[in-house]
Structures are given as C-alpha cells and as structure tokens.
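Secondary and tertiary structure notes
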Amino acid sequence: MNRRMIALLGGVAAMAGTVAFAGTAEAASTPCSAEAKACVQRSSNTAWLTDGAGNVTYGGVPITVGLPKYPTPLGTFHVQYKDIDHYSKQYNGPMPYSVFFTDTGVAFHQGSLKARSHGCVHLSHAAAVTFYNTLQPGDVVEVVP
C-alpha cells in the first residue's frame, strides 16, 4: 500500500512540475517585439499583454481574428481610442470593451471565440475587460502571422 501511495504521489508531483514548467515557458515571451504592449499571433489565435519591455503581464488568451475575406491586418499599430459600449453601425452589432488600434476601425473587443470577425480581434468577456483596462491610447499593438 505504501509503495502504491508513494508512486501515485510521485506521479502527481511530476505532473505538477511539468504543468508549472509548461505554463512558465508559455508566459515567458511573445512572438512580438519587446515594445509591443499588446501582441496578436493570428496563426495560433492567441493574444498577450506585456509591460512594453517584453515581459508578459497577461495571457496568452484565446482569440478569433478576421475571416480570410476580412483579415486582421499584420503590422505595428498604436491604440487610437477606446469605447466601452461601442456599437457598429456598419455591422449592426455591439462591440463591448472596444480598443481601436487601426485607422480603419479594427479593434480588440468582446466577441465570439467561435466565429471569425470582419478584421477585429474577438476576446472573451474577461480578456476584453483586461485589455480595455490595460491598454491606453498610443500603446503599441503588434499583429504577427
């Protein structure tokens, strides 16, 4: 009985160590430059917030991005403005916790993580609130493949 318990506890400890290591490694960096306060990686549907010196402060979180016909643009941008209760007249729908980062209306906002957008970055409610509260006009946003 003692050997089984020791083996079981040893296995749990090994799993815990692996999980902690994997989480630490994932949060260690982003595919964006150190200057980016927000990083979006389209290929992995993941976004992060950083301190602007390359250190992750939040994420990676799951996202959805634009449809192939309306891709989320690649490049380096700056937060333009924020609107907590934005409503899109163009797409006839709410965009809560919007953080606009292009001059063409692309934003981070709360949206479906199952449906792709017309170029915006959809976040869960919790992530949208965090991005909205953290990002400020002028902050660097990078979107990478």
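Our structure is the block above this text.
Below is a short write-up of the structure. What you are looking at is a predicted structure, and each value in this text was computed from that prediction instead of being measured.

**Examining the layout of surface pockets**
Summary: where empty space remains is shown by rolling a probe the size of a single water molecule over the atoms. Within this model, the largest pocket holds a volume of roughly 350 Å³. Surrounding the largest pocket, 18 residues form its lining, Ser88, Tyr91, Met95, His118 and Cys120 being those nearest its centre. Going through the elements one at a time, β5 (81–88) and β6 (93–100) are the ones with two or more residues in the lining of the largest pocket. Of all the elements, β6 adds the most residues to the lining of the largest pocket, at 4 residues. Grouping the constituent residues of the lining of the largest pocket by class yields 6 nonpolar, 11 polar and 1 charged.

**Concerning the pairing of strand β7 (residues 107–110)**
For a regular strand, side chains alternate in direction, first toward one face of the sheet and then toward the other. For β6 and β7, the ladder comprises 2 bridges, and the chain directions are antiparallel. Opposite Val99, over in β7, you have Phe108 as the bridge partner. Pairing between β7 and strand β8 (residues 121–123): 3 bridges, direction parallel. Within the sheet, the bridge partner assigned to His109 lies in β8 and is His122.

**Quick look at the state of the cysteines**
Across all of its chains, the model carries 1 disulfide by this definition. Across the disulfide from Cys32 sits Cys39; the S-S distance is 2.1 Å. The chirality of the disulfide connecting Cys32 with Cys39 is right-handed, given an S-S dihedral of about 75°. Classification of Cys32 by relative accessible area gives buried; the value is 13%.

Reading the values: rules and limits
All residue numbers refer to positions counted from 1 along the written sequence of the respective chain. The predicted origin of the model limits local features to residues at a pLDDT of at least 70 and limits the giving and counting of side-chain atom pairs to 80 or more, whereas totals for whole chains, interfaces and linings rest on all residues. Only hydrogens and water are set aside; all other atoms, that is, all heavy atoms of the structure, feed into the side-chain values. Cavity means a closed set of points on a 1 Å grid over the protein atoms alone, one where a 1.4 Å probe fits but cannot get out, pocket means an open set with protein on both sides within 12 Å along at least 5 of 7 lines, and lining means a residue has an atom within 4 Å of a point. Grid points are joined across faces, edges and corners, and a volume is the space filled by probe spheres set on the points. Elements are defined by DSSP. Helices are runs of H or I of four residues or more, strands are runs of E of two residues or more, and each kind is numbered from the N terminus. The classification used treats Ala, Val, Leu, Ile, Met, Phe, Trp, Tyr, Cys and Pro as nonpolar, Asp, Glu, Lys and Arg as charged, and all other residues, Gly among them, as polar. We treat two strands as partners when DSSP finds at least two bridges between them. For this text, the term disulfide refers to a pair of cysteine sulfurs within 2.5 Å. Using a 1.4 Å probe on the protein chains alone, a residue whose accessible area is under 20% of its type maximum counts as buried, one over 50% counts as exposed, and one in between counts as partly exposed.

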